[in-house]
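# Fold and contact review
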Amino acid sequence: RSGLSYKENKELEALPGLIEALEAEQGGIAARLADPALYRAEPAVVAQLNARTQAIEMELESLLARWEYLEARQAGG
């Protein structure tokens, strides 16, 4: 028997998909930021994309920590 509640099990199952979606968004943002024309044409968008990149980083750190925690609990640790 795992040490997780039903809700925690569902959360653990959902985490890889959430992480994958954030990483995909992050990749899309990086591709947009790699275009020098964006910096000239839309500097405000660059600022928004940079802010979103930072938010994604923080969210990913949080999700990865939660995933590790839930996996450790599931293993009985």
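The notes below deal with the structure included here.

Thresholds, definitions, all that
- Residues numbered from 1 in each chain as written.
- Predicted model: local features only at pLDDT ≥ 70, side-chain atom pairs only at ≥ 80, totals over all residues.
- Heavy atoms only, no water.
- Salt bridge = Lys/Arg side-chain N within 4 Å of Asp/Glu carboxyl O.
- Helix = DSSP H or I, 4+ residues; strand = E, 2+ residues; numbered from the N terminus.
- Buried < 20%, exposed > 50% of the residue type's maximum accessible area, 1.4 Å probe, protein only.
- Expected span 1.5 Å × (residues − 1).
- Contact = heavy atoms within 4.5 Å.
- Axes fitted to C-alpha atoms, helices over the stretch in contact; angles between N-to-C directions.
- Parallel < 35°, antiparallel > 145°, perpendicular 65-115°, else oblique.
- Left-handed = near helix turned anticlockwise from the far one by under 90°.
- Nonpolar A, V, L, I, M, F, W, Y, C, P; charged D, E, K, R; others polar.

### Overview of the pattern of salt bridges
Under the counting rule described, the total for this entry stands at four salt bridges. A salt bridge links lysine 10 to glutamate 13, with the shortest nitrogen-to-oxygen separation between them at 3.6 Å. Residue lysine 10 and its partner glutamate 13 are located together in helix H1 (residues 6-33), separated by three residues, close to a single helical turn. Lysine 10 sits in the partly exposed class, given a relative accessible area of 40%. Notably, a salt bridge pairs glutamate 11 with arginine 66, separated by 2.8 Å at the nearest N-O pair. Taken together, the residues span a long stretch of sequence, with glutamate 11 in helix H1 and arginine 66 in helix H3 (residues 43-74) at a distance of 55 residues. Take glutamate 11: its relative accessible area is 28%, and that puts it in the partly exposed class.

### Here we look at H1
Taking 1.5 Å of rise per residue, the 28 residues of H1 would be expected to cover 40 Å, and the 41 Å separating its terminal C-alpha atoms lies within 8% of that figure. Every buried residue belonging to H1 is among Glu8, Leu12, Leu15, Ile19, Leu22, Gln26, Ile29 and Leu33, and all of these are buried. Contact partners of the buried residues in H1: helix H2 (36-41) and H3.

### Comments concerning the environment of glutamate 68
Within the secondary structure, glutamate 68 is located in helix H3. The class for glutamate 68 is exposed, based on a relative accessible area of 57%.

### Points about the packing of H1 against H3
One can describe the packing of H1 onto H3 by two numbers: an axis separation of 9 Å at closest approach and a directional angle of 155 degrees. Accordingly, the angle class assigned to the pair H1 and H3 is roughly antiparallel. Between H1 and H3 lies a crossing of left-handed hand. Of the residues belonging to the contact of H1 with H3, the class tally is 17 nonpolar, five polar and eleven charged.

### Looking at H3
The end-to-end C-alpha separation of H3 is 46 Å, in line with the 46 Å expected for 32 residues at 1.5 Å each. Of the residues making up H3, those classed as buried are Val45, Val46, Leu49, Ile56, Leu60, Leu63 and Leu70. If you follow the buried residues of H3, they end up packed against H1 and H2. Glycine 76 sits one or two positions beyond H3 and adopts a positive phi of about 90 degrees.

So far we have only geometry, and geometry alone does not tell us how the molecule works.
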